[in-house]
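# Coordinate inspection notes
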Amino acid sequence: MAPPMARLPADWSADGATLAGRVVLVTGANGGLGRATALACAVAGARVVLSARKVRPLEQVYDAIVAAGGPEPAICPLDLASASPAQHDELADAVGTAFGRLDGIVHAAAHFAGLTPLMMEDAEEWLLDLQVNITAPLWLTRACLPLLQAAPDSAVVFVLDHPERTARAHWGGYGVAKGALQRVLAILHDEHDEGPLRIHGLLPAPMRTALRRMAWFGEDTMKVPTPEASAAAAVYLLGAAGATVRGQVLDLRPPHADAGAGAGPPGASA
């Protein structure tokens, strides 16, 4: 059964105290939704752990957070395409050593190489789709579980994609993985429906990212909103207000959106 959908309250807004004192890990923090989410979390008061494959782009996000006056972030690079379970454990240990706590994860990293028929997808791309989009979020959540369960209120946010569209032709391993991620969300919620740890899904509206351009050919990029609105919704889920939509998917798509339109691949490549 698919998780229930929820909407962001129209009157909700974040401030510098929304995530004050919390530590939040953001994957894919080097671009797209991940970068916007890292900045939004920092402005809301969180210490942000920036994770992605390459250090230099993370340093640029680090500098942007400091320039915005947010708490000093940390950089913990991890290549989700090749990292072993032990390397995920090492990242969790590093967060625990540096901060002594972890209050949230936003799984914003994604891998998408373009539209292709399922039976024509390159074997390596298929494996990368599954590794980055479904296996790595599960492994990282598992590695961080002791820290999350020790926090007084914690949240894991899985970034989804348009479920009806990505089940159609040519979405390949990415579509398969995003569908499986929705099932992971539902199972984890059932297993953690009580206690301090909350499980959430985030379904972004169309937004201007490099990965979206790989699927929506010919689109006028400047007419597509930037990821900031979706990043603000991630802050809502990570904060105390998100408890009201525990186990649900926060749907940011316009009401009655056509099944052929939607967010496009929302994150940043791992």
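In this report, we go over the structure that sits alongside the text. All figures in this text were calculated on a predicted structure; none of them were measured in a lab.

Right, let's talk about empty space enclosed by the protein for a bit. Evaluated as defined, the whole model comprises 2 cavities of 30 Å³ or more. In this structure, the largest cavity spans a volume of roughly 40 Å³. Contributing to the lining of the largest cavity are T27, L80, H107, A109, V132, N133, P137, K178 and L181. Those elements that provide at least two residues to the lining of the largest cavity are α4 (123-150) and α5 (172-191). Among the elements that make up the lining of the largest cavity, the one with the highest residue count is α4 (3 residues). For the lining of the largest cavity, the class distribution of residues is 5 nonpolar, 3 polar and 1 charged.

The geometry of an aromatic ring pair is captured by two quantities: the separation of the ring centres and the angle between the planes. For the structure shown, the criterion picks out 4 aromatic pairs. Both rings, one in F112 and one in Y174, keep their centres 5.0 Å apart while their planes meet at 65°; by these two values the pair is edge-to-face. Highlighted residues: F112 in the loop between β6 (109-110) and α4 and Y174 in helix α5, separated in sequence by 62 residues. Pair check on accessibility: F112 and Y174 agree, each one buried. With 6.1 Å between their ring centres and 40° between their planes, W171 and Y174 make a pair best called tilted. Note on accessibility: W171 and Y174 belong to one class, buried.

Moving on to helix α2 (residues 55-67). With 13 residues, α2 extends 18 Å between its outermost C-alpha atoms, agreeing within 8% with the 18 Å of an ideal straight helix rising 1.5 Å per residue. Those residues of α2 not exposed but buried are L58, V61 and I65. One side of α2 holds all its buried residues, which, seen down the axis, span an arc of 55°. Those residues of α2 hidden inside the fold are in contact with α1 (32-43), β3 (47-51) and β4 (74-75).

With that out of the way, let us pick up the packing of helix α3 (residues 85-99) against α4. Orientation of α3 relative to α4, taken along the N-to-C sense of each, is 40°, at an axis distance of 9 Å. Overall, the two elements α3 and α4 adopt an arrangement that is oblique. Once α3 is placed against α4, the crossing between them reads as right-handed. Contacts between α3 and α4 involve P85, H88, D89, L91, A92, V95 and G96 on the former and, on the latter, A136, W139, L140, R142, A143, C144 and L147. Residue composition of the contact of α3 with α4, grouped by class: 10 nonpolar, 2 polar and 2 charged.

Unlike most non-glycine residues, H170 shows phi in positive territory, near 80°. Position of H170 among the secondary structure elements: in the loop between β7 (154-159) and α5. H170 gets classed as partly exposed once you look at its relative accessible area, which sits at 41%.

Conventions used here
Residues numbered from 1 in each chain as written. Predicted model: local features only at pLDDT ≥ 70, side-chain atom pairs only at ≥ 80, totals over all residues. Heavy atoms only, no water. 1 Å grid on protein atoms, 1.4 Å probe; cavity = no way out; pocket = protein on both sides within 12 Å on 5 of 7 lines; lining within 4 Å. Points joined across faces, edges and corners; volume = space filled by probe spheres on them. Helix = DSSP H or I, 4+ residues; strand = E, 2+ residues; numbered from the N terminus. Nonpolar A, V, L, I, M, F, W, Y, C, P; charged D, E, K, R; others polar. Phe/Tyr/Trp six-rings, centres within 6.5 Å; stacked < 30°, edge-to-face > 60°. Buried < 20%, exposed > 50% of the residue type's maximum accessible area, 1.4 Å probe, protein only. Expected span 1.5 Å × (residues − 1). Arc of directions from axis to C-beta. Contact = heavy atoms within 4.5 Å. Axes fitted to C-alpha atoms, helices over the stretch in contact; angles between N-to-C directions. Parallel < 35°, antiparallel > 145°, perpendicular 65-115°, else oblique. Left-handed = near helix turned anticlockwise from the far one by under 90°.

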